[in-house]
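Letter by letter, the chains look like this.
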Amino acid sequence: MAKGVVTITVERCKGCGFCVEFCPTRVLALSSAFNSKGYHPPHVVAAEKCSGCDLCGMYCPDFAIYGARINGGARGDAHAE
Amino acid sequence: MATTIDVPVPGNLVEPFLRSERIPHIWCPGCGIGTTVNCFARALLNTKKDLRKVAVVSGIGCTGRVAGYVKLDSFHTTHGRAIPFATGLKLSRPDIDVVVYSGDGDLFAIGGNHLIHAARRNINLKVICVNNLIYAMTGGQTGPATPEDAITATAPFGAYEPAFNMPQLVEAAGASYVARWTTYHVKQLERSMTEMLSHDGFSFIEVLSPCPTLYQRRNKMGDGLDAMKFYKEKSKVRHGAPTSEIGLTRDGEIVVGKFVDRQRPDYVELMRRQLREHLGERFINDGVPTCC
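What counts, and where the lines are drawn
Residues numbered from 1 in each chain as written. Chains lettered and ligands numbered in written order. Predicted model: local features only at pLDDT ≥ 70, side-chain atom pairs only at ≥ 80, totals over all residues. Heavy atoms only, no water. Helix = DSSP H or I, 4+ residues; strand = E, 2+ residues; numbered from the N terminus. Expected span 1.5 Å × (residues − 1). Contact = heavy atoms within 4.5 Å. Buried area = accessible area lost by both parts, 1.4 Å probe. Salt bridge = Lys/Arg side-chain N within 4 Å of Asp/Glu carboxyl O. Buried < 20%, exposed > 50% of the residue type's maximum accessible area, 1.4 Å probe, protein only. Pairing = 2+ DSSP bridges. 1 Å grid on protein atoms, 1.4 Å probe; cavity = no way out; pocket = protein on both sides within 12 Å on 5 of 7 lines; lining within 4 Å. Points joined across faces, edges and corners; volume = space filled by probe spheres on them. Nonpolar A, V, L, I, M, F, W, Y, C, P; charged D, E, K, R; others polar.

## Comments concerning helix 10 (residues 267–279) of chain B
Phase 1 of the analysis: Taking 1.5 Å per residue, 13 residues should reach 18 Å; helix 10 of chain B reaches 18 Å between its end C-alpha atoms and fits that length.
Phase 2 of the analysis: Two residues or fewer after helix 10 of chain B comes B:Gly280, characterised by a positive phi angle close to 55°.

## As for the interface of chain A and chain B
Phase 1 of the analysis: Residue-level contacts link 36 residues of chain A with 42 residues of chain B.
Phase 2 of the analysis: Regarding the contact of chain A and chain B, the summed buried area is about 3,500 Å², with carbon and sulfur atoms giving 66% of it.
Phase 3 of the analysis: Connecting chain A to chain B are three salt bridges.
Phase 4 of the analysis: For B:Lys229, the salt bridge identified is with A:Glu21, shortest N-O distance 3.8 Å.
Phase 5 of the analysis: Residue assignment for the side of chain A that touches chain B shows that the elements contributing at least two residues are strand 1 (4–8), helix 1 (18–22), helix 2 (55–59) and strand 4 (65–69) of chain A.
Phase 6 of the analysis: Here the side of chain A that touches chain B takes five residues from strand 1 of chain A, the largest share from any one element.

## Let's talk about the pairing of strand 4 (residues 125–131) of chain B
All names here are of chain B.
Phase 1 of the analysis: For strand 4, the buried fraction is high: seven of the seven residues fall into the buried class.
Phase 2 of the analysis: Side chains Leu125, Val127, Cys129 and Asn131 of strand 4 all project onto a buried face; the interleaved residues Lys126, Ile128 and Val130 project onto the opposite face, where all are buried too.
Phase 3 of the analysis: Two elements, strand 3 (residues 97–103) and strand 4, share six bridges in a ladder whose sense is parallel. Directly across from Gly103, in strand 4, lies its bridge partner Val130.
Phase 4 of the analysis: Pairing of strand 4 with strand 6 (residues 203–208), which is carried by six bridges, proceeds in the parallel orientation. When the bridges of strand 6 are listed, Ile128 appears paired with Ile205.

## Considering empty space enclosed by the protein
Residue and element names in this part refer to chain A.
Phase 1 of the analysis: Tallied over the entire structure, the rule returns three cavities of 30 Å³ or more.
Phase 2 of the analysis: When its volume is computed, the largest cavity comes out at roughly 130 Å³.
Phase 3 of the analysis: As for the largest cavity, its lining consists of 18 residues, of which Cys23, Pro24, Cys50, Cys53 and Cys56 are closest to the centre.
Phase 4 of the analysis: Secondary-structure elements contributing two or more residues to the lining of the largest cavity are helix 1 and helix 2.
Phase 5 of the analysis: Split by residue class, the lining of the largest cavity holds 13 nonpolar, four polar and one charged.
Phase 6 of the analysis: Roughly 90 Å³ of volume is contained in the second largest cavity.

## Describing the pattern of salt bridges
Residues and elements named next belong to chain B.
Phase 1 of the analysis: Applying the stated rule across the entire model yields 14 salt bridges over all chains.
Phase 2 of the analysis: Arg52 serves as the salt-bridge partner of Asp50, at 3.3 Å between the closest nitrogen and oxygen.
Phase 3 of the analysis: In this structure Asp50 comes out as partly exposed when scored by relative accessible area, which is 36%.
Phase 4 of the analysis: Salt-bridge contacts for Asp251 lead to Arg250; the nearest nitrogen and oxygen are separated by 2.8 Å.
Phase 5 of the analysis: Residue class for Asp251 comes out partly exposed when judged on its relative accessible area of 41%.
Phase 6 of the analysis: Because the salt bridges share partners, they merge into one network encompassing Lys53, Arg93 and Asp95.

Structural data, given as structure tokens:
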């Protein structure tokens, strides 16, 4: 059971690959699909490994991805929109 | 669309800080400025500050666009004049936290004089300098932070002028908090920004950021991701390192860490002290005129 979940806003992505490279549990990979601007957004290849650490969210320069803990996430829940 | 598991999750932490209607932003793919904005947003969350009492002031340049993207009171000033504007803001409203978010060209070249005098006065500004080593918005000309031998639009055979060592300059000018990180060190940068936001006095953080379109392309250093790997490989954390020894070179080691953390009397404090001494009874409201 995954501890976290990652959410991707495909249309904001510019395909820099920071999230793919620096995900500590290697959850992501760049997909071969395009978004409407012609970039390759990341997609989830190992959803069960996600720890919800939100490091992808910290690295993403385009605010296009974030991770959150599923149960009792210390950090995310406190500041839910 | 791409949510992997269908459970309610809290939104992106940075989202409440953004003017969403302006996103996607103009920064290039692989540029690190957005990453520093993530760290800044999280630092603001950590300090639990009242966001109505935080103002962001930017100059001109790629990093200058930050003021237009953050959903805080913000002002996009003319080139190099972020610090004078912020100084005025801080003097008239000492209760708000003024953050100057700008680039290396804006702060150190066009606004260089303002920067050193703000540091000398130790006025309580938080300066975040995103250093991409070049004048990026205007097409990649040699700037005051361009390392020697780097190829730029105005130095096709390599820059020959020595570059500023930013932490050394601001420390010598009198800054009371000086740190340097790269966009690779997101957690450390977040911690450092949190510390800076609760520090009294002139605080300065230099953040090294990739510029894939202009700096790295001309220097054959790959894209944004390659720059991040370069930072990972070359950076070395040395807290408290003497700032005279940490100049940047094109391919050399990048010393990161917190270099200076000291207390000096703040400009507003000194001004109030003198006014209190000389005006005596006539000194009202700590020197801040009441308005509204």
